[in-house]
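Observations on chain architecture
Spelled out, the chains give:
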Amino acid sequence: MASLVLEKKPKYERIINILAIVIPIAVAALLGIRQKVELGAWTKVLPHVIGVINTLTALFLIAGFYFVKNNNISAHRKAMTGAFLLGAVFLVCYILYHISNQSTPFGGEGVVRPIYYFLLISHITLSIVVVWFVLRAVYFGYTNQIIEHRKAVKWAFPIWLYVSISGVVVYLMISPYYV
């Protein structure tokens, strides 16, 4: 199987910088729309799908880390590409759910409430931050700019893993309150 290798071009880095700004702004704008779009009852299952996607993403990230530490670059590339593609599917599912359904209020009380909101706020904040690092890591990996790839991954990997795992925990904490 041939491996995809991109050409190193300055325009790609500009595109990454633009996407890292446009994606979070576009998501925020879509989520800010008060009038919900009727897409059907099937969208009620999307939070559960998103929970599975976050779980699989975390597993792919851990597998990718394992493979690179064991110098299996081919398997590492496949695992990380899988994580990246799952991120894209997550984004589509997330937008579809939130443009078609009201936000679910968290019903927990006591000490669990501030824990939930800490995880939720840190998850959302870091999910915005990680976009730039992930796009750069993928680009540098596919252009064989290994030094730059390692610099990006130094930040991308732990943040992305935290975002994936905290997404699962937030989902598990709020899942009893979905209607």
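These numbers were taken from a predicted model, which means no experiment stands behind them.

What follows covers the nonpolar core. Membership of the largest hydrophobic core comes to 21 residues, with the highest contact counts inside it found for Leu 61, Val 130, Val 134, Ala 156, Ile 159, Trp 160 and Leu 161. Per-element tally for this core: the top contributor is helix α4 (residues 112-142), with 8 residues. Ignoring sequence-local partners within four residues, the contact set of Trp 160 consists of Thr 57, Leu 61, Met 80, Ala 83, Phe 84, Val 130 and Val 134.

UniProt feature "transmembrane region" (unreviewed entry): in the numbering of this structure it lies at residues 12-33, 45-68, 80-100, 115-135 and 155-174. Annotated as 100% helix and 0% strand, the span residues 115-135 places its first and last C-alpha atoms 30 Å apart. The distance from the first to the last C-alpha atom of residues 155-174 is 28 Å, and the span holds 100% helix and 0% strand.

This next bit is on the packing of helix α2 (residues 46-69) against helix α3 (residues 73-100). Relative orientation of the contacting elements α2 and α3 amounts to 160 degrees, with a least axis distance of 8 Å. What the angle tells us is that α2 and α3 run roughly antiparallel. Here α2 and α3 pass one another in a crossing that is left-handed. In terms of residue class, the contact of α2 with α3 is made up of 23 nonpolar, 5 polar and no charged.

Not every positive phi belongs to a glycine, and Asn 71 is a case in point at roughly 60 degrees. Mapped onto the fold, Asn 71 is located in the loop between α2 and α3. Positive phi outside glycine occurs at Asn 144, with the angle close to 55 degrees. In this fold, Asn 144 is placed in the loop between α4 and α5 (146-174). On the accessibility criterion, Asn 144 (44% relative accessible area) is partly exposed.

About the thresholds
- Residues numbered from 1 in each chain as written.
- Predicted model: local features only at pLDDT ≥ 70, side-chain atom pairs only at ≥ 80, totals over all residues.
- Heavy atoms only, no water.
- Core = buried A, V, L, I, M, F, W, Y, C linked by side-chain atoms within 4.5 Å.
- Buried < 20%, exposed > 50% of the residue type's maximum accessible area, 1.4 Å probe, protein only.
- Helix = DSSP H or I, 4+ residues; strand = E, 2+ residues; numbered from the N terminus.
- Contact = heavy atoms within 4.5 Å.
- UniProt positions renumbered as here; feature names shortened; annotations may be inferred.
- Axes fitted to C-alpha atoms, helices over the stretch in contact; angles between N-to-C directions.
- Parallel < 35°, antiparallel > 145°, perpendicular 65-115°, else oblique.
- Left-handed = near helix turned anticlockwise from the far one by under 90°.
- Nonpolar A, V, L, I, M, F, W, Y, C, P; charged D, E, K, R; others polar.

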